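Per-entry structural report
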Amino acid sequence: MATLSHAPTATSSSSATTWLASYRHFVASNEFYRVGWAAAALMIQGCILSPALLLTMFYFGGGDWQLLVSNLSFLLVLVPILSAMPVKYILPAFAFSFVLHVAIILINVL
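Here's a quick rundown of the structure.

About the cut-offs
- Residues numbered from 1 in each chain as written.
- Predicted model: local features only at pLDDT ≥ 70, side-chain atom pairs only at ≥ 80, totals over all residues.
- Heavy atoms only, no water.
- Axes fitted to C-alpha atoms, helices over the stretch in contact; angles between N-to-C directions.
- Helix = DSSP H or I, 4+ residues; strand = E, 2+ residues; numbered from the N terminus.
- Parallel < 35°, antiparallel > 145°, perpendicular 65-115°, else oblique.
- Contact = heavy atoms within 4.5 Å.
- Nonpolar A, V, L, I, M, F, W, Y, C, P; charged D, E, K, R; others polar.
- Phe/Tyr/Trp six-rings, centres within 6.5 Å; stacked < 30°, edge-to-face > 60°.
- Buried < 20%, exposed > 50% of the residue type's maximum accessible area, 1.4 Å probe, protein only.
- Left-handed = near helix turned anticlockwise from the far one by under 90°.
- Expected span 1.5 Å × (residues − 1).
- Bend = angle between axes of the 7 residues up to and from the residue.

**Observations regarding the packing of helix H2 (residues 34-60) against helix H3 (residues 64-82)**
- Where H2 contacts H3, the two axes come as close as 10 Å, and the packing angle between them is 175 degrees. Between H2 and H3, the interaxial angle falls into the category roughly antiparallel. Residue-level inspection shows Arg 34, Ala 38, Ala 41, Leu 42, Gln 45, Gly 46, Ser 50, Leu 53, Leu 54 and Met 57 of H2 in contact with H3, the latter providing Gln 66, Leu 67, Ser 70, Ser 73, Phe 74, Val 77, Leu 78 and Ile 81.
- For the contact of H2 with H3, the per-class residue count stands at 11 nonpolar, six polar and one charged.

**Overview of the packing of aromatic side chains**
- Throughout the structure, instances matching the rule amount to five aromatic pairs.
- With 5.3 Å between their ring centres and 80 degrees between their planes, Phe 32 and Tyr 33 make a pair best called edge-to-face.
- The partly exposed category is assigned to Tyr 33, whose relative accessible area is 49%.

**What about the packing of H3 against helix H4 (residues 87-109)?**
- In contact at an axis separation of 8 Å, H3 and H4 are set at 165 degrees when each is read in the N-to-C sense. The angle between H3 and H4 places the two elements in the roughly antiparallel class. Pair H3 / H4 crosses with left-handed handedness. Residues Gln 66, Val 69, Ser 70, Ser 73, Phe 74, Leu 76, Val 77, Pro 80 and Ile 81 of H3 pack against Tyr 89, Ile 90, Ala 93, Phe 94, Phe 96, Ser 97, Leu 100, His 101, Ile 104, Ile 107 and Asn 108 of H4.

**Here's the deal with H2**
- An ideal rise of 1.5 Å per residue puts 39 Å on 27 residues; H2 measures up with 37 Å between its terminal C-alpha atoms.
- The principal kink in H2, of about 35 degrees, is found at Gln 45.
- Taken together, the buried positions of H2 are Arg 34, Ala 38, Ala 41, Gln 45, Leu 49, Ser 50, Leu 53, Thr 56 and Met 57.
- Looking at the buried positions of H2, the neighbouring elements they touch are H3 and H4.
- Gly 61 occupies a position one or two residues after H2 and carries a positive phi of about 75 degrees.

**Points about unusual backbone geometry**
- Phi is positive for Ala 84, which is not a glycine, with a value near 55 degrees.
- Counting through the fold element by element, Ala 84 comes out in the loop between H3 and H4.
- Overall, the relative accessible area of 48% leaves Ala 84 in the partly exposed class.

Have a look at this one:
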């Protein structure tokens, strides 16, 4: 009977697969809190990042392209929220917009 049973196969997992699996699990478990994530993303975007960017832009003399990029990245967050997309689309859009706003703020300050 021992010859008929299958030997367990070892599966190898890379760090990218583990990271992606943990991200998918996080997104799936937080789908219930989508409205909270959307509200938090809009509040951080609209009340902290955009005014800070505008203040540094006008104080240090930023260009018109900075205003265009900041408005487009704000819309990048707003579109998935208003179209009621899942959290897996809201969080990457917010992360990209956050990094973009911080980079423009640092360009203005430095």
